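Chain and residue survey
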Amino acid sequence: MDDAFQGLLKGAGQKLFNAAGEALMGAAKEYLGNAIQEIFVKKEAENKRILPSIANMKVLGERGSGLRSRGDVQDFHTLRQQCLASGTLFEDPEFPASDSSLMFSRRPDRYVEWLRPMEITSDPQFFVEGYSRFDVQQGELGDCWLLAAAANLTQDPKLFFRVVPEDQNFSDDYAGIFHFRFWQYGRWIDVVIDDRLPTYRGELLYMHSTEKNEFWSALLEKAYAKLHGSYEALKGGTTCEAMEDFTGGVTEMYDLKEAPPNLYSILLKGMERNSMMGCSLEPDPHVLEAETSEGLIRGHAYSITKVQMVDIVTPNTSGKIPLLRLRNPWGNDAEWNGPWSDQSPEWRYIPDHVKEQIGLNFDVDGEFWMSFKDFLTHFDRVELCNLSPDSLSEDQVSRGKKKWEMSVFEGEWTPGVTAGGCRNYLETFWHNPQYVITLEDPDEDDDEGKCTVIIALMQKNRRSRRNMGMDCLTIGFAVYHLSDRDLMNKPQRLNFFKYNASVARSPAFINLREVSCRFKLPPGHYLIVPSTFDPNEEGEFLIRVFSEGRSHMEENDEQVGMGSVDDRVTPSLPQPTYPDPQKSAMEKLFMEVAGADMEVDWMELKQILDHSMKDVMDYGGFSKDVCRSMVAMLDVDQSGKLGFEEFKTLLNDIAKWKAVFKLYDQDGSGKLGAFELRQALNSAGYQLNNRILNALAHRYGSRDGKIAFDDFIMCAVKIKTMIDIFKERDVDGTNMATFSMEEWVEKTVYS
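Residues numbered from 1 in each chain as written. Predicted model: local features only at pLDDT ≥ 70, side-chain atom pairs only at ≥ 80, totals over all residues. Heavy atoms only, no water.

**Notes on the overall build of the protein**
As a reminder of what qualifies: Every helix listed is a DSSP run of H or I at least four residues long, and every strand listed is a run of E at least two residues long, numbered separately from the N terminus. Exposed residues in this analysis have more than 50% of their type's maximum accessible area, buried residues have under 20%, and partly exposed residues fall in between, with area computed by a 1.4 Å probe over protein chains only. Whether two residues are in contact is decided by their heavy atoms, any of which lying within 4.5 Å being enough. In short, Shrake-Rupley with a 1.4 Å probe defines the accessible areas, and a residue's cover is counted only from the protein chains shown.
For the protein, the helix and strand inventory stands at 22 helices and 24 strands. Taken across its 751 residues, the protein has 54% of its residues classed as buried. Intrachain contacts of the protein at a sequence separation of at least 6 include 77% that bridge at least 24 residues. Of the roughly 32800 Å² that the protein leaves accessible, carbon and sulfur atoms contribute 50%.

Set out below in structure tokens:
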């Protein structure tokens, strides 16, 4: 958190104000929704769905992390073996021991020396007597949020050793190389580092252990810094961000001044599912990490290490009291000094066997207990990381730990195509990616028969690009009921959002890496629309849905294929330049340019089209690339030329596409807005999903989000060509086709 996070919160203020406006305007614009009905089957590999089984995840070094690797994929075992064979210690070219790995905004204020652990102490160890939350001590870097998550990580061996592999130490096969695994946007990646660490006067500058010769935590921090580009990139953040990267879970954030009445129940349920938890106090704008009179540190992240109803026996009564155990990552005497703190008189009323059961100790270690009531009074925010189903072992499940149901999808917002902005921008809102979630079973303990569902929208690869000035987008989502009739529409169009109200939404549009919220909804079908606040903001995202009961999720998008041509489209063919009643107009035109071989090549075709389409061209005619692609689309024998019948077919297609273009180019500018591309291609008879539309926009759109006429023709040519190639091989109509590599390369190269 610290000062960088203070700035983030300050910057978010206007966005929160805007979000409030969005909510009010949305409420004014929306109308009553429809009832719910059941439909659809869960997809597997379709729609870029992510299967989160760790068994299927390959260790890929930096590739897949969102960073563009400058060299080959760094495989830990291969690199270590090379170093052992050559008798050298590994030096990482991807994250060098230099100032660039420390900071991106300025130079360090002192000389930083990069030392290997053996140069810092005579007996370096990866672990000293195992690992624990007390191995995580904060240095000079403002990444207490990361430390709080690391401390939580140590409490679950399965989670810990997934992030911190055991196959490394300073004795067996030591070669100055280490590796750590982090979850990044749906996949686990392996980050390789050398063990040169930043020091000043022989002491570690940043994260370290209470034992001077223990280095797993310092090396973990270095790997995380590499993942994001530099140590400075870790300055300021939220505990939930690191908890997600350590577990692949979904986090929730609660403002304790507006805590839901069942928050303690949520935290207890979190403990049942092995959730990781953190909390913090708002920073003092005038004093960095100011200490309160109760011993708490403002602007600082704490770990919640236990949530428990504790038996209490007083002279007058007995019962249970809701308590929490917290830890300050500084690991010193900066602890809570109020009720239930170390040595406080309240502990007299707790039976000795209960004290032993909850692991009570009064060490000066930064860890302390407090009542839930005091927690709500003195803390401002709590963060809860709900673990993905693969994070729990069978042994944990057999001991009563419970799993979430999880669905995960990747997507992107492309300006002019799928970046429609929030509900305030009704005309473009429906262009955003859409997802349908079916909630089947209500919660076991819910008296109203409702389902708990957590929806989390995460934007990708923003922290690692902070050095390029890329800050987080302002993001959020809305949720709508779907009726049986609604479910037939893929995607939902403008009128659906004009006349239906959202039944749930993210608490605010805000510029954090992830926005998440927990809802209670009746079983049924719901549409989730993730968006940025403003239209035309580019970014990639991950949307995840956790539910207590069974659920299914799929992308609500068109099935790629052929459709019907819009009734409003009235093609007009080019007219010949001279009359001849004995021949058709089309044949005359062909003979006029074909010459003696009675075929037209791309140059002759360009001559015809530039003349006949000049009313929609605002510059020097069609490009040779478009004309060549048109020829290739119908050139069955790959001669590079078209005969009359092929030419006739082509001209009919072009006339149709021209009519479609003019239908949507209402201002006569010779260009389409990219948001009109889907509708224009639909009118031409092509059904395309978001991924194809995004690809077309990236390939053929201009910087200002416009599609010129010849680029629109090129889109249509490519789509028709590829669909025709596919359908030619899909002989039994199963929507499957098989090509050898040679055949596929030949088809795609020529088309």
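**Some thoughts on the packing of helix α21 (residues 709-729) against helix α22 (residues 741-750)**
Short version of the rule: The convention used is that axes are lines fitted to C-alpha atoms, helices contributing only their stretch in contact, and that angles between N-to-C directions extend from 0 to 180 degrees. Between 65 and 115 degrees an angle is taken as roughly perpendicular, under 35 as roughly parallel, over 145 as roughly antiparallel, and anywhere else as oblique. Crossings are sorted by hand: turned counterclockwise from the far helix by less than a right angle, the near helix makes the crossing left-handed, and turned clockwise it makes it right-handed. Side-chain classes are defined by residue name, with Ala, Val, Leu, Ile, Met, Phe, Trp, Tyr, Cys and Pro counting as nonpolar, Asp, Glu, Lys and Arg as charged, and the others, Gly among them, as polar.
Running from amino to carboxyl end, α21 crosses α22 at an angle of 150°, the nearest separation of the two axes being 11 Å. On the basis of their axis angle, the class for α21 and α22 is roughly antiparallel. Where α21 crosses over α22, the handedness of that crossing is right-handed. Seen from α21, the contacting residues are Met-722, Ile-725, Glu-728 and Arg-729; seen from α22, they are Glu-743, Trp-744, Lys-747 and Thr-748. Among the residues forming the contact of α21 with α22, the class breakdown is 3 nonpolar, 1 polar and 4 charged.

**Some points on the nonpolar core**
Spelled out, the test is: Joining through side-chain atoms within 4.5 Å is the link that ties buried Ala, Val, Leu, Ile, Met, Phe, Trp, Tyr and Cys residues into a set, and such a set is a nonpolar core.
Ranked by size, the top nonpolar core spans 63 residues in total, and within it Phe-180, Phe-182, Leu-219, Tyr-231 and Phe-246 carry the most contacts. Per-element accounting of this core gives the leading share, 8 residues, to helix α7 (residues 216-228). With residues near it in sequence (within four places) discarded, Leu-219 still touches Phe-126, Phe-170, Phe-178, Phe-180, Ile-193, Asp-194, Asp-195 and Leu-197. Residues Met-613, Leu-634, Trp-657 and Phe-661 belong to the second largest nonpolar core, which totals 50 residues.

**Let's talk about the sheet that holds strand β1 (residues 113-115)**
Put simply, the rule is: What makes two strands pair is DSSP finding at least two bridges between them.
Across the sheet, which stays open at both edges, the 3 strands sit in the order β1-β4-β5 with antiparallel pairing between neighbours. The sheet is open, and its two edges are formed by β1 and β5 (203-204), each paired on a single side. Sheet analysis places β1 next to strand β4 (residues 197-200), joined by 3 bridges and oriented antiparallel. Each bridged residue has a counterpart across the sheet, and for Glu-113 the counterpart in β4 is Thr-199.

**Describing the environment of Val-164**
Inspection of the secondary structure assignment puts Val-164 in the loop between α6 (157-163) and β2 (177-184). In this structure Val-164 comes out as buried when scored by relative accessible area, which is 0%. Residues Val-164 and Leu-219, 55 residues apart in the sequence, show an inter-C-alpha distance of 9.7 Å. In contact with Val-164, other than residues within four places in its own chain, are Phe-126, Phe-127, Phe-180 and Trp-216.

**Things to note about the sheet that holds strand β9 (residues 318-327)**
Paired through backbone hydrogen bonds, the strands of a sheet run either parallel or antiparallel to each other. Read from one edge of the open sheet, 6 strands run β6-β11-β7-β8-β9-β10, paired in antiparallel fashion. Either end of the sheet is taken by a strand with one partner, and the two such strands are β6 (250-255) and β10 (367-371). Sheet twist, expressed as the average angle between the axes of neighbouring strands with direction ignored, equals 35°. In terms of strand pairing, β9 meets β10 through 5 bridges, oriented antiparallel. For Arg-327, the partnering residue across the bridge sits in β10 and is Glu-367.

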